[in-house]
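Read off the chains here:
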Amino acid sequence: MSEPITTWIATHFDDQVRFLQALVRVPTDTPPGNNAPHAERTAELLTALGFEVERHAVPTAEVQAAGMQSITNLIVRHRFSEGGPTIALNAHGDVVPPGEGWTHDPYSAEIVDGKLYGRAAAVSKSDFATYAYALLALKNSGLPLKGAVELHFTYDEEFGGELGPGWLLAQGLTRPDYLIAAGFSYQVVTAHNGCLQMEVTLHGLASHAAYPHTGVDALQAATRLLTALYAHNDVLRTRQSQVAGITHPYLNVGRIEGGSNTNVVPGKVVLKLDRRMIPEEDPAAVEAEVRALIEQTVAACPGIRLDIKRLLLAHAMKPLPGAAPLVAALQKHGEAVFGEPIPTSGTPLYTDVRLYTAHGIPAAIYGAGPRTVLESNAKRADEHLNLADLQGATRVVALALAELLAA
């Protein structure tokens, strides 16, 4: 079974690399989240490969309400024969902005020493290429297969996924039997953290810095709140997860805005916080705990008015028993291709895979990349992908699909 698949992938690998380079060269910075142009380019490239591509544009009002500009999600469906499962492969095209510190142009898709550099080269435009070429290898293998494969290329992972996979599922556009989602080559991820993101606004009263007693300093209240929030991490470190790869919950303040000028007592400060939840935690209880901590701390700051807004509540992903055949196939072929055992693990990240498992769809996270997010520099300067991992992951995915779809 493996020889025609492996041979086809090796023969067409240069084409696969060029396909990925074309995807990396179209920016999808989110924010601002103008992602429809990338979807259109992806659809053109997939059509040139012989696929029929469905374009599903999310209504503009919904996209703008979520803080983005445009989203078009893509679905490719290929049925080999009647019977057999439908297996979906999902990767997201949206990505955080490049930031500073790059030594390679983040949108050049430059290749140096066997590594392709660029924003989203590893997470997760790489798996647009992994999944598309794995399906192409199956189509051209001549193997008797039963069932279907779908490609889901979506554009809302960075903002939570509700307008990506969540929207496709809510619209009834897909209901696969299994899902493989973008990941890394040396592990099969079966669980991940949840995430609560909140915006906290402290309203004081601006005044001239020469007369501070006439104002209410919102920044002074914010420093008190920041101290309380970060001290809460000492409590969170005591709550250990039993899932391998996940340690404990933690809280981070990722953005602070406030004040109007150097000589003005700040009348307003906005904090945006991120609270990671281990799979064992109850999201409603976590949100109630964080809100209570904020309210109790700010109550001790006279004259400060408080607003708290939830930005995101992403539930954790927990393994579904039905995922066992999928996980086993990925581990088996991963070990054969990479020459080492491929363990299962959890990850402290949150992903939009949770939206599939919430619908009862067994899922595993697996794709092209190194052993860890840090090694790939994902979300940091000089993000890159080892091209050997791209070819290896494509082989693993194609061989696992062939086993699951064997007639």
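Above this text is the structure in question.
Residues numbered from 1 in each chain as written. Predicted model: local features only at pLDDT ≥ 70, side-chain atom pairs only at ≥ 80, totals over all residues. Heavy atoms only, no water.

Trainee: Describe the pattern of salt bridges, and please don't skip the residues or the numbers.
Mentor: For the coordinates displayed, the defined rule picks out 21 salt bridges. E54 is the partner of R77 in a salt bridge, and the nearest nitrogen-oxygen pair spans 2.6 Å. Pair noted here: R77 is in strand β2 (residues 72-81) and E54 is in strand β1 (residues 53-57), with a separation of 23 residues, a long-range link. Taking the relative accessible area as the measure of exposure, R77 reaches 37% and is therefore partly exposed. A residue is classified by how much of its surface remains accessible, and E54, at 27% relative accessible area, is partly exposed. (Salt bridge = Lys/Arg side-chain N within 4 Å of Asp/Glu carboxyl O. Helix = DSSP H or I, 4+ residues; strand = E, 2+ residues; numbered from the N terminus. Buried < 20%, exposed > 50% of the residue type's maximum accessible area, 1.4 Å probe, protein only.)

Trainee: Which residues make up the pairing of strand β8 (residues 188-192), and what values go with them?
Mentor: Here β8 lies mainly inside the structure; 5 of its 5 residues are buried. Pairing between β8 and strand β15 (residues 344-347): 4 bridges, direction parallel. Each residue of the ladder has a partner; that of A191, found in β15, is G346. (Pairing = 2+ DSSP bridges.)

Trainee: Any details on the sheet that holds strand β14 (residues 305-314)? Residues and values, ideally.
Mentor: On the basis of which strands lie adjacent, the open sheet formed by 4 strands has the order β11-β13-β9-β14 and antiparallel pairing. Looking at the sheet topology across the chains shown, the edges are occupied by β11 (250-258) and β14. Averaged over all adjacent pairs, the angle separating strand axes in this sheet is 15°, with direction ignored. Along the sheet face, helix α7 (residues 218-236) touches β9 (194-203), β11 and β13 (268-277) and points at about 170° away from the line of β11. Strands β9, β13 and β14 of the sheet are contacted by helix α8 (residues 283-299), whose axis makes an angle of about 160° with β14. (Axes fitted to C-alpha atoms, helices over the stretch in contact; angles between N-to-C directions. Contact = heavy atoms within 4.5 Å.)

Trainee: Tell me about the environment of L293, residues and numbers included.
Mentor: One can find L293 in helix α8. Separated by 106 residues in the primary sequence, L293 and Q187 place their C-alpha atoms 37 Å from one another. In this structure, L293 is in contact with A228, L229 and H232, ignoring residues within four places of it in sequence.

Trainee: Tell me about the packing of aromatic side chains, and name the residues and values.
Mentor: Within the structure shown, the criterion is met by 5 aromatic pairs. Taken together, a centroid distance of 6.1 Å and an interplanar angle of 40° make the contact between W8 and Y133 tilted. Highlighted residues: W8 in helix α1 (residues 2-11) and Y133 in helix α5 (residues 125-139), separated in sequence by 125 residues. Judged by its relative accessible area of 13%, W8 falls in the buried class. Note on Y133: relative accessible area 4%, which makes it buried. Seen from their ring centres, F19 and Y133 are 5.7 Å apart, and the 65° between their planes marks the pair as edge-to-face. On the criterion of sequence distance, the pair formed by F19 in helix α2 (residues 13-24) and Y133 in helix α5 is long-range, its members being 114 residues apart. Just as F19 is buried, Y133 falls in that class too. (Phe/Tyr/Trp six-rings, centres within 6.5 Å; stacked < 30°, edge-to-face > 60°.)

Trainee: Please provide a residue-by-residue account of the environment of I180, values included.
Mentor: Examined against the element boundaries, I180 turns out to sit in strand β7 (residues 178-181). Taking the relative accessible area as the measure of exposure, I180 reaches 0% and is therefore buried. Note: C-alpha distance between I180 and N90 (90 residues apart in sequence) is 6.4 Å. Contact partners of I180, with chain neighbours within four places excluded, come to A88, L89, N90, Y131, L326, L330, A364, Y366 and L401.

Trainee: Describe the pairing of β7, naming the residues involved and giving the relevant values.
Mentor: Burial of the side chains of β7 extends over both faces: Y178 and I180 are buried on one face and L179 and A181 on the other. Sheet topology note: the strand β3 (residues 86-92)/β7 ladder contains 4 bridges and is parallel. Paired with N90 across the strands is A181, a residue of β7. Of the strand pairs in this sheet, β7 and strand β16 (residues 363-365) are connected by 3 bridges, and their pairing is parallel. Residue pairing across strands places L179 opposite A363, the latter belonging to β16.

Remember that the coordinates give geometry; whether it matters functionally is a separate question.
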